[in-house]
Amino acid sequence: MTGDTASGKLPGLGRGESERAGEPAPGPAPGDASEAPDGRIPGQDPDGIAGAAAEAEAGSAREAADEPEPAAEDATVSAPDAPTPPAPGPASDAAPDPAPDAAPGPVPGSVPDPVAAAVPDPPRKRRRARRVLAWSAFSLAVLIAGTATAGYLYYQHLNGNIVKAELTPVAPEKRPPAPTPNTAGQTPLNILVIGSDSRNTEENLKLGGAKETVGGKPLADVQMLVHVSADRSNMSVVSMPRDTLLKLPECKDPDTGQVYPATTTRHMTNETLGRGGPGCTVATWEATTGIHIDHFMMVDFSGVVSMADAVGGVPVCVDRNIYSHTSTGKGSGLKLEKGTHPVKGKQALQWLRTRYGFGDGTDIGRAQAQHMYMSAMVRQLRENATLANPGKLRSLAEAATKALTVDDALGSVKKIYDLSNDLRAVPPERITLTTMPFVYEGPRVSPKAGDAEQLWRLVREDIALDGKDKKKPKVKDISDQAVAPGEVEVSVRNATATDQLALVPERAGTIAQQLLSKDFARTTADQTHTGSEDKTEVRYPGGDAEADAQSVAKALKIPLRRVKESADVTGVTVVIGSDWREGTRFPKKDDDDDDALPKSAQALNGADDSACMKVDPAYSW
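Calculation rules
- Residues numbered from 1 in each chain as written.
- Predicted model: local features only at pLDDT ≥ 70, side-chain atom pairs only at ≥ 80, totals over all residues.
- Heavy atoms only, no water.
- Helix = DSSP H or I, 4+ residues; strand = E, 2+ residues; numbered from the N terminus.
- Buried < 20%, exposed > 50% of the residue type's maximum accessible area, 1.4 Å probe, protein only.
- Areas by Shrake-Rupley, 256 points an atom, 1.4 Å probe, with all protein chains shown as cover.
- Pairing = 2+ DSSP bridges.
- Contact = heavy atoms within 4.5 Å.
- Axes fitted to C-alpha atoms, helices over the stretch in contact; angles between N-to-C directions.
- Phe/Tyr/Trp six-rings, centres within 6.5 Å; stacked < 30°, edge-to-face > 60°.
- Lys NZ or Arg CZ within 6 Å of the ring centre and 35° of its normal.
- Disulfide = S-S within 2.5 Å.

(A) How the structure looks around the overall build of the protein. For the protein, the helix and strand inventory stands at 15 helices and 23 strands. In the protein, which comprises 621 residues, the share counted as buried stands at 59%. In the form shown here, the protein has an accessible surface area of approximately 24100 Å², with 51% of it arising from carbon and sulfur atoms.

(B) Seen up close, the sheet that holds strand β2 (residues 189-196). Reading across the sheet, the eight strands line up as β1-β14-β9-β2-β3-β4-β15-β23 and stay open at both edges, with mixed pairing between neighbours. The open sheet has two edge strands, β1 (163-165) and β23 (604-605), and neither has a second partner. In this sheet, strand β3 (residues 220-228) lies alongside β2 in antiparallel orientation, the contact comprising eight bridges. Bridging across to β3, glycine 195 finds its partner in valine 222. Where helix α7 (residues 278-289) meets the sheet, it contacts β1, β2, β3, β4 (235-239) and β9 (295-299), and its direction lies at approximately 130° from that of β2. Strands in contact with helix α13 (residues 451-460) are β2, β3, β4 and β15 (431-435); relative to β4, the strand with the most contacts, it is inclined by about 145°.

(C) Structural view of the sheet that holds strand β20 (residues 537-540). Spatially, the five strands line up as an open sheet ordered β19-β18-β22-β20-β21, and their pairing is mixed. The two strands at the open ends of the sheet, each matched to only one other strand, are β19 (522-530) and β21 (563-565). Strand-to-strand, the axes of this sheet are offset by a mean angle of 30°, without reference to chain direction. Where β20 lies against β21, three bridges are found, and the strand directions are parallel. Bridge pairing links arginine 539 to lysine 564 in β21. Relative to the sheet, helix α14 (residues 507-516) contacts β18 (489-494), β19 and β22 (572-576), its axis offset from that of β18 by approximately 150°. On the sheet, helix α15 (residues 545-555) packs against β18, β20, β21 and β22 and is oriented at approximately 160° with respect to β20.

(D) Representation of α13 in the model. Along α13, nine of the 10 residues are buried, which leaves the element largely enclosed by surrounding structure. Listing the buried residues of α13 in full gives Asp451, Ala452, Glu453, Gln454, Leu455, Trp456, Arg457, Leu458 and Val459. Tucked into the core, α13 has its buried residues touching β2, β3, β4, α7, β15 and β17 (444-447).

(E) View of the pairing of β17. Relative to β17, strand β16 (residues 438-441) runs antiparallel, the two sharing four bridges. Within β17, the position partnered with tyrosine 440 by the bridge is valine 445.

(F) Quick peek at the pairing of β15. Most of β15 is tucked away, with five of its five residues classed as buried. Burial of β15 is two-sided: the residues Ile431, Leu433 and Thr435 facing one way and the residues Thr432 and Thr434 facing the other way are all buried. Here β4 pairs with β15 via five bridges, running parallel. Its bridge partner being in β15, serine 236 is matched across the sheet by threonine 432. Sheet topology places β15 next to β23; two bridges connect them, and they run antiparallel. By the bridge assignment for β23, threonine 432 is matched with asparagine 605.

(G) Representation of the packing of aromatic side chains in the model. Under the defined criterion, the tally for this structure stands at four aromatic pairs. When the ring of tryptophan 351 is compared with that of phenylalanine 358, the centres are 4.9 Å apart and the planes differ by 65°; the resulting orientation is edge-to-face. With respect to burial, tryptophan 351 and phenylalanine 358 carry one shared label: buried. With a centroid separation of 5.3 Å and 80° between ring planes, the pair formed by phenylalanine 438 and tyrosine 440 is classed as edge-to-face. Under the relative-accessibility criterion, phenylalanine 438 is labelled buried at 13%. When the ring centre of tyrosine 323 is taken as reference, the NZ or CZ atom of lysine 335 above it lies at 5.2 Å. Above the face of the tryptophan 580 ring, arginine 507 is positioned so that its terminal group lies 5.3 Å from the ring centre.

(H) Looking closely at the state of the cysteines. What the rule picks out here adds up to two disulfides. Note on cysteine connectivity: cysteine 251 is disulfide-linked to cysteine 280, with sulfurs 2.2 Å apart. The S-S bond linking cysteine 251 to cysteine 280 shows a torsion near 85°; that makes this disulfide right-handed. Residue cysteine 251 is located in strand β6 (residues 251-252), and its partner cysteine 280 is located in helix α7; the two are separated by 29 residues in the primary sequence. An identical accessibility class is assigned to cysteine 251 and cysteine 280; each is buried.

(I) Here's a closer look at unusual backbone geometry. Not every positive phi belongs to a glycine, and glutamate 506 is a case in point at roughly 60°. Looking at where glutamate 506 falls in the secondary structure, it is placed in the loop between β18 and α14. With a phi angle near 65°, lysine 557 is a residue other than glycine that sits in the positive phi range. Examined against the element boundaries, lysine 557 turns out to sit in the loop between α15 and β21.

(J) Summary view of the side chain of serine 578. Topologically, serine 578 is positioned in the loop between β22 and β23. Sequence-distant contacts of serine 578, that is, excluding residues within four places in its chain, are made with Ala449, Gly450, Glu453, Ala495, Thr496, Ala497, Thr498, Glu533 and Asp534.

See the structure below:
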């Protein structure tokens, strides 16, 4: 993909493999439909993947292969019921998939390739195609350009389908810093997948309903951060519920120039899309999480339907019959019997939009359903051999690129292809899909103090959410070398503030009292140093003070890994971070928990094909 997440498409579009083409021989000039005896266009490489994608920007007529990924499956949530998907129209003129044995027709502006279209791929190519189908629907564009139709003109045609927008309006110096490369010089990738609920096209209106919203500002009803580790061994997909209450940063609409001032009160995060486009959604995520975002990909309703149809349906499971009836005007219309069923078209959209009928009827259940759909879509793309059919691949590429809006740095099929190479090595079993830990505030939610910060820190520090990273070595316990508790001078600082939450009043005093009760009689609350820290730590200036600092940490049940030498303190200092905003005992039990994913993140493994959505009995039949 470029990313994988959002839902079964992009890395996982929220709301993917192809082998990089080598240096192929020059492809045919536009208009040359002659072919070699083996059925390939003269100049194609042995795998039928020319190099146009790799050199199109230099004026060459060669092509590159690419890795598939479904367009935005999760770009769907919200909006009333969805009627039957319309026939291809102005909003999406992708031709319907041809019959399995039919030769795909020429694409306007492309070089005809009747032989390649009519002759089935040999076994070797089919096996390669299956490997190639990782998960970026967008990457499919290049794959198709190389194997289905003539290359350069079609490649340009697909490029023309992609809409580009500014990554973020925030000045570089005000954004979170980019992650530091690892020892091999590799850096993580963070891609924000956004699902728009816009009905501002005829096709999206037919699918989404809610005529009263036509012409209005779209909402970012699906938001998923796709994090790919620096070594490309694992991937994390984190959803933020659309009704999460946050303070929104200042944003500027790149089209109108209108400036939206930072809010002093909290608003639903889905409003960000109407405050300057996807760039404002990116800015909000960065301000909230401290995570540097490299790219975004935004999709709409029609893209979801097209992707589900192109792969022949996505298998989903419910633990009892479900009918998200529309009698209240809020149901999605989804009706399924208990068990596993492939959904596509209108039904796929209904699945992704269902709120009333899943779990507790909130956006949380919907996010879980989207994760299940996304992981199933990934497995389909990897395993579904029918996608070796050139006509289906071409149809998928058309649908995917037409559904996409991306940042300027991803504004071509070639660039998306290059990004997809970073994703193809991640197996489903190393993909973890999660939801931001939250607490309810009436019908809305807000980040759960401690747990949410823990999740953001794990992503920032590129720690695998599946817990399969190499374990950090145990810290040697030297607390037995410490002086008596009553002889240790301890200072406690309150650093519990976050970008969204104020300092917890008297927090330093509360923890100081706890230490006093543990015989650390020379403990004081430092009222002059306050601020914001993600992690609670016990700091010491060096030397023999480490043993004393460890004894303080053990008294508060703080992992010894959190004991740090620091030039910024003159004595043993407990810094209370935003991960410990309440209670007198640190909420972690031992060192091994320090980098653990909070249970409240509701993790789903990408290889889990047995998960079923829990259906609300009130919506069963």
